[in-house]
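Fold and geometry: a report
Below are the chains, spelled out letter by letter.
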2 protein chains.
Amino acid sequence: MNKHFSKRDIENMDERYRAHFVNSLSGFKSANLVGTKSHDGLENLAIVSSVLHLGSSPALMGMVMRPDTVRRDTLENIQNTLFYTLNHVVNDDVPKAHQTSARYDREESEFETTGLANEYLDNFHAPFVQSSPVKLGMKLVEIMPIKHNGTLFIIGSVEHAYVAESALADDGFVSLSSQNVVCINGLDAYLSPQAPRRYAYAKKEKPTSLL
Amino acid sequence: MNKHFSKRDIENMDERYRAHFVNSLSGFKSANLVGTKSHDGLENLAIVSSVLHLGSSPALMGMVMRPDTVRRDTLENIQNTLFYTLNHVVNDDVPKAHQTSARYDREESEFETTGLANEYLDNFHAPFVQSSPVKLGMKLVEIMPIKHNGTLFIIGSVEHAYVAESALADDGFVSLSSQNVVCINGLDAYLSPQAPRRYAYAKKEKPTSLL
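What comes next is a walk through the structure. (Residues numbered from 1 in each chain as written. Chains lettered and ligands numbered in written order. Predicted model: local features only at pLDDT ≥ 70, side-chain atom pairs only at ≥ 80, totals over all residues. Heavy atoms only, no water.)

**So, the overall build of chain A**
Cut-off, in case you're wondering: Only DSSP runs of H or I covering at least 4 residues are called helices, and only runs of E covering at least 2 are called strands; the numbering of each starts at the N terminus. The globule rule used here is 2.2 Å times the number of residues to the 0.38 power, and the radius of gyration it is set against is calculated over C-alpha atoms. The rule is simple: take the accessible area with a 1.4 Å probe, protein chains only, and divide by the maximum for that residue type; under 20% is buried, over 50% is exposed, in between is partly exposed. The contact rule is simple, with two residues in contact once any of their heavy atoms fall within 4.5 Å. Note on areas: Shrake-Rupley, 1.4 Å probe, and residue coverage restricted to the protein chains presented here.
If you tally the helices and strands in chain A, you get five helices and 13 strands. Its C-alpha atoms give chain A a radius of gyration of 18 Å, near enough to 17 Å, the size a compact globule of 211 residues would have. In terms of its C-alpha atoms, chain A occupies a principal-axis envelope of roughly 60 × 50 × 30 Å. Within the span of chain A, comprising 211 residues, buried residues form 61% of the whole. Counting contacts in chain A only where the partners sit at least 6 residues apart, residues at least 24 apart contribute 57% of the total. Of the accessible surface of chain A, which amounts to about 8,300 Å², a share of 46% is contributed by carbon and sulfur atoms.

Take a look at the structure:
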């Protein structure tokens, strides 16, 4: 049985209930740790579930952030330095990754408070997460304000990608489940995607077939 | 071992290889079927992996589309009628859902060609996917052009949500894995997220704990 919620039903929900509910409605979400460093050398690490593929040529990623949350330090570092990293979260790192969403002081590095090891690669300004099997060095391209709710859509280009060799298929596909990368449901549920099934490019005159 | 790809390495990849590669880099993606209907009554159904939670109050979802692809009919229907549906894809529907990405003629309804049953609810203009355990009736709010690659960021408000009762937790969380909803890796891999672990709201002075 399905339950129907109108727009007004959603508006009338208790704020916390609504946050859990609406955050579940988009489907499964990516789990990324955003690594940044301020000009004065203070590191920041924050989990986000809003990273989105925007295009492959050029390689662009989008990400939604609110200016008024605990991720403010991250946002300021991106705006001031232009550089950030995106690091996929693996199963074993979930408790530490989730803990980065706590409200730490600006002087505290979430690398240190959570115990996730940082890593600097190829002279890139922002720190990576050492244990992540897919790490991206990103450069800010544009911040688009979303006027309807005050969020920001942050567009960045992929300057560097570090990918576990054992995840890489012959055709360029990167198997995230082979590396135990997790996904997110709602605000606080982490899951392990299993049993990848790849399908052949769909054609009108052909039945659907596995690759 | 990690393999390093610079921005130039990615630019120099074969186009198809790059599409598989970069589409894998954002992390796991949501799997949604977008249902639309033209003013002259022609239905369209297209799978997308770019639906994103934008905000809970008001409840807004974002979605990236390219104007120049097989999803053009879907885009035109959204622009012309303002209404569309988002329907989460379940395990059993994956072959049919994937097949909607084939290049059908405008006159052909992907509901009919793939065998996914449509459903009209509460006089909403656009058709829903009957078998989907989470269905959203969406109204277009804004289309933001992304100038860097010609894609469009489509923002819509949630007018109706239909959620399987057995998925709904007491605090508003909707368990997608309880309904066998899938996620996507790259362009063509479908996975079943398993074993949801919910974590308590993170606080600085408290160790991470399961909910």
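**Here's the deal with the interface of chain A and chain B**
Here is the rule we go by: Buried area: the sum, over both parts, of the accessible surface (1.4 Å probe) that disappears when the two are put together. Any Lys or Arg side-chain nitrogen found within 4 Å of a carboxyl oxygen on Asp or Glu counts as a salt bridge. Polar contact is defined as a pair of N or O atoms within 3.5 Å, subject to the rule that within protein one atom must be able to donate a hydrogen and the other to accept it, and that residues adjacent in sequence are counted only when both atoms are side-chain atoms. For this scheme, ten residues count as nonpolar: Ala, Val, Leu, Ile, Met, Phe, Trp, Tyr, Cys and Pro. Four count as charged, namely Asp, Glu, Lys and Arg, and the remainder, Gly too, count as polar. When DSSP finds at least two bridges between two strands, those strands are taken to pair.
Listed per partner, the contact involves 110 residues of chain A and 110 residues of chain B. Note on chain A versus chain B: buried area summed over both sides is about 9,200 Å², and carbon and sulfur give 59% of it. The largest contributions to the chain A side of the interface with chain B come from F28, R197 and K204 of chain A, which together make up 8% of the buried area. The tally of links from chain A across to chain B stands at 10 salt bridges. Of the charged contacts, one joins K7 of chain A and E159 of chain B as a salt bridge, the two residues approaching to 3.3 Å between their closest N and O atoms. Counting the contacts that link chain A with chain B gives 61 residue pairs in polar contact (both at pLDDT 80 or more). For the side of chain A that touches chain B, the residue count by class is 55 nonpolar, 33 polar and 22 charged. Where strand β11 (residues 151–164) of chain A and strand β1 (residues 2–6) of chain B come together, five bridges link them in antiparallel fashion.

**A few points about the sheet that holds strand β2 (residues 29–30) of chain A**
Pairing is antiparallel across the open sheet formed by six strands, whose spatial order is β2(A)-β12(A)-β13(A)-β13(B)-β12(B)-β2(B). Edge positions in the sheet fall to β2 of chain A together with β2 (29–30) of chain B, since each of these pairs with one other strand and no more. In this structure, β2 of chain B lies alongside strand β12 (residues 183–185) of chain B, joined through two bridges in antiparallel fashion. Paired with S30 of chain B across the two strands is C183 of chain B, which belongs to β12 of chain B.

**Concerning the side chain of T151 of chain A**
Looking at the secondary structure, you find T151 of chain A in strand β11. For T151 of chain A, a relative accessible area of 1% gives the class buried. Polar contacts involving the side chain of T151 of chain A include one to the side chain of N149 of chain A, which spans 2.7 Å. Here T151 of chain A is in contact with V64, M65, R66, P67, M144, P145 and I146 of chain A together with L54 of chain B, once residues within four sequence places are set aside.

**Quick word on helix α2 (residues 15–24) of chain B**
Residue and element names in this part refer to chain B. In terms of residue burial, α2 counts as a mostly covered element, since seven of its 10 residues are buried. Within α2, the full set of buried residues consists of R18, A19, H20, F21, V22, N23 and S24. The residue sitting at the N-terminus of α2 and contributing the capping side-chain oxygen is D14; that oxygen lies 3.2 Å from the backbone nitrogen of R16.

**Some remarks on the nonpolar core**
This is how the line gets drawn: We define a nonpolar core as any set of buried Ala, Val, Leu, Ile, Met, Phe, Trp, Tyr and Cys residues linked to one another through side-chain atoms lying within 4.5 Å.
Counting 74 residues, the largest nonpolar core has F21 and M63 of chain A together with F21 and M63 of chain B as its most contacted members. Those residues in contact with M63 of chain B that sit more than four places away from it in its chain are V34, V48, S50, V51, I78, Y84, L86, L152, F153 and I154 of chain B. Ranked by size, the runner-up nonpolar core spans 16 residues in total, among them L54 of chain A together with V64, M144 and I146 of chain B.

**Quick look at the relation of the copies chain A and chain B**
Condition: When the copies are superposed, the least-squares fit takes in the C-alpha atoms of residues with a pLDDT of at least 70 in both.
For the pair chain A and chain B, the superposition axis carries a translation of 0.0 Å, the fit reaches an RMSD of 0.0 Å, and the rotation angle comes to 180 degrees. This pairing of chains is accounted for by a two-fold axis. When each C-alpha of chain A is compared by its distance to the rotation axis, P193 of chain A comes out closest, at 1.8 Å. Both copies contact each other with a shared surface, as 100% of the interface residues of chain A are interface residues in chain B too.

**What to know about the pattern of salt bridges**
This model, assessed by the stated rule, comprises 16 salt bridges over all chains. For the salt bridge of E119 of chain A with K135 of chain A, the shortest nitrogen-to-oxygen distance reads 3.2 Å. One end of the pair, E119 of chain A, is in strand β8 (residues 118–119); the other, K135 of chain A, is in strand β10 (residues 134–146), and 16 residues separate them in sequence. Its salt-bridge partner being D105 of chain B, residue K204 of chain A comes within 3.2 Å of it at the nearest N-O pair. Of this pair, K204 of chain A sits in the segment after β13 (189–198) while D105 of chain B sits in the loop between α4 (94–99) and α5 (110–114), on two different chains. Judged by its relative accessible area of 35%, K204 of chain A falls in the partly exposed class. Each of D105 and E108 of chain A together with K204 of chain B takes part in salt bridges that share partners, so that together they form one network.

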